[in-house]
Amino acid sequence: MKKVLSFVLNGHEVSAEIESHKMLLQVLREEFQLTGTKEGCGQGECGACTVLVDGIPVDSCIYPSFEVDGKSVTTIEGLLGEGNVLHPIQAAFVAHGGVQCGFCTPGMIMSSKALLDETPMPTVQEVRNALAGNLCRCTGYVQIVDSVLSAAEKIQAEIKQ
Ligand code: FES
Ligand code: FES
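The residue numbers shown here count from 1 along each chain, following its written sequence. To label them, take the chains in the order written and letter them from A, then take the ligands in the order written and number them from 1. Where local features are concerned, this predicted model is filtered to residues with pLDDT of at least 70; where side-chain atom pairs are given and counted, the filter is 80 or more; whole-chain, interface and lining totals use all residues. As a rule here, side-chain values come from all non-hydrogen atoms in the structure, and water together with hydrogens is ignored.

Q: Give me the lowdown on the domain arrangement of the chain, citing residues and values where you can.
A: You'll often see interface size given as the accessible area lost when the parts meet. In terms of domain boundaries, the chain breaks down into domain 1 (2–79) and domain 2 (82–160). Counting residues at the interface gives 17 residues for domain 1 and 13 residues for domain 2. The buried area of a pairing is the accessible area, by a 1.4 Å probe, that goes missing from both parts when the two are put together, added over both. Surface buried jointly by domain 1 and domain 2 totals about 1200 Å² across both partners, of which 71% is contributed by carbon and sulfur atoms. A carboxyl oxygen of Asp or Glu within 4 Å of a side-chain nitrogen of Lys or Arg is what we treat as a salt bridge. Applying the counting rule to domain 1 against domain 2 returns zero salt bridges. Identification of polar contacts relies on pairs of N or O atoms within 3.5 Å, with a donor-acceptor requirement for protein atoms, meaning one able to donate a hydrogen and the other able to accept it, and with residues adjacent in sequence counted only if both atoms are side-chain atoms. Here domain 1 and domain 2 share four residue pairs in polar contact (both at pLDDT 80 or more) between them. Throughout the structure description, domain borders are defined by an automatic or database domain assignment. We call two residues in contact when some of their heavy atoms are within 4.5 Å.

Q: Tell me about the layout of surface pockets, and name the residues and values.
A: The pocket and cavity definitions rest on a 1 Å grid over protein atoms only: a 1.4 Å probe that fits but cannot leave marks a cavity, an open set with protein on both sides within 12 Å along at least five of seven lines marks a pocket, and residues lining either have an atom within 4 Å of a point. Grid points are joined across faces, edges and corners, and a volume is the space filled by probe spheres set on the points. Considering only enclosed or pocket space, the largest pocket measures out at about 160 Å³ in volume. Around the largest pocket, the lining residues are Gly 40, Cys 41, Cys 46, Ala 48, Cys 101, Phe 103, Cys 104, Leu 135, Cys 136, Arg 137 and Cys 138.

Q: Give me the lowdown on the packing of aromatic side chains, citing residues and values where you can.
A: Pairs were defined over the aromatic rings of Phe, Tyr and Trp, the Trp ring being its six-membered one, requiring ring centres within 6.5 Å. Orientation was assigned from the angle between planes: stacked under 30 degrees, edge-to-face over 60, tilted for the rest. Tallied over the full model, the rule gives one aromatic pair. With 5.9 Å between their ring centres and 85 degrees between their planes, Phe 7 and Phe 32 make a pair best called edge-to-face. In this pair, Phe 7 is assigned in strand S1 (residues 2–9) and Phe 32 in the loop between helix H1 (24–31) and strand S3 (50–53), connecting sequence segments 25 residues apart. Strands are runs of DSSP state E lasting at least two residues, helices are runs of H or I lasting at least four, and both sets are numbered from the N terminus onward.

Q: Which residues make up the packing of helix H2 (residues 88–95) against helix H5 (residues 142–160), and what values do they have?
A: Helix axes are fitted only over the stretch in contact, all axes being lines through C-alpha atoms; the angle between N-to-C directions runs from 0 to 180 degrees. Packing of H2 against H5 brings their axes to within 8 Å, and their N-to-C directions diverge by 135 degrees. Classified by the interaxial angle, the pair formed by H2 and H5 is oblique. Helix-helix and strand crossings are classified by hand; for H2 and H5 the assignment is right-handed. Across the interface between the two elements, Pro 88, Ile 89, Ala 92 and Phe 93 from H2 touch Ile 144, Ser 147, Val 148, Ser 150, Ala 151, Lys 154, Ile 155 and Glu 158 from H5. For classification purposes, angles smaller than 35 degrees are called roughly parallel, those larger than 145 roughly antiparallel, those between 65 and 115 roughly perpendicular, and all remaining angles oblique. Crossing chirality is assigned from the near helix's rotation relative to the far helix, an anticlockwise turn below a right angle marking it left-handed and a clockwise turn marking it right-handed.

Q: Let's hear about the pairing of S1: which residues, and what values?
A: With eight bridges connecting them, S1 and strand S2 (residues 12–19) associate as antiparallel partners. Along S2, the bridge assignment pairs Leu 9 with His 12. Should DSSP find at least two bridges between two strands, the strands are regarded as paired. Between S1 and S2, which pair antiparallel one after the other, the connecting turn spans two residues, and Asn 10 there sits at a positive phi close to 50 degrees. Pairing geometry for S1 and strand S5 (residues 72–74), over two bridges, is parallel. The partner of Val 8 across the bridge, within S5, is Ser 72.

Have a look at this one:
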């Protein structure tokens, strides 16, 4: 079965005819060529495929695409500012060594974005809890937590300016 889905993707109204068995991850990568979102386990275990649906982080590899009809989806590509300026969270990951092989990074950053939208100045434990579903084989997580805490400070400092 196919259905035309209409939703907001990174701030733009989009629509596409999608087969019912497709998960959101496939739609993003194959229909919209948004390959920043990665497939790791494909089973909802690793968080590499995390995107935001109406601001909530979801594992797009197991998120039925029909569910996004009428909703708003944000991927890692949607965080870039004008002129492809990195979002403060992206910049902090680069600055603090939160990116090594980079495979987990889009998912980590999207989970971090959801956290900072809800909790602008999180504790270390709150960051760890928010990223508990995102696995990284490279960094040992310390640099990732540092990156998120640094991004939080930067965002708050920018708001106060
Ligand atoms: S690829 Fe979706 S959770 Fe691992
Ligand atoms: S940076 Fe390689 S898996 Fe996280």
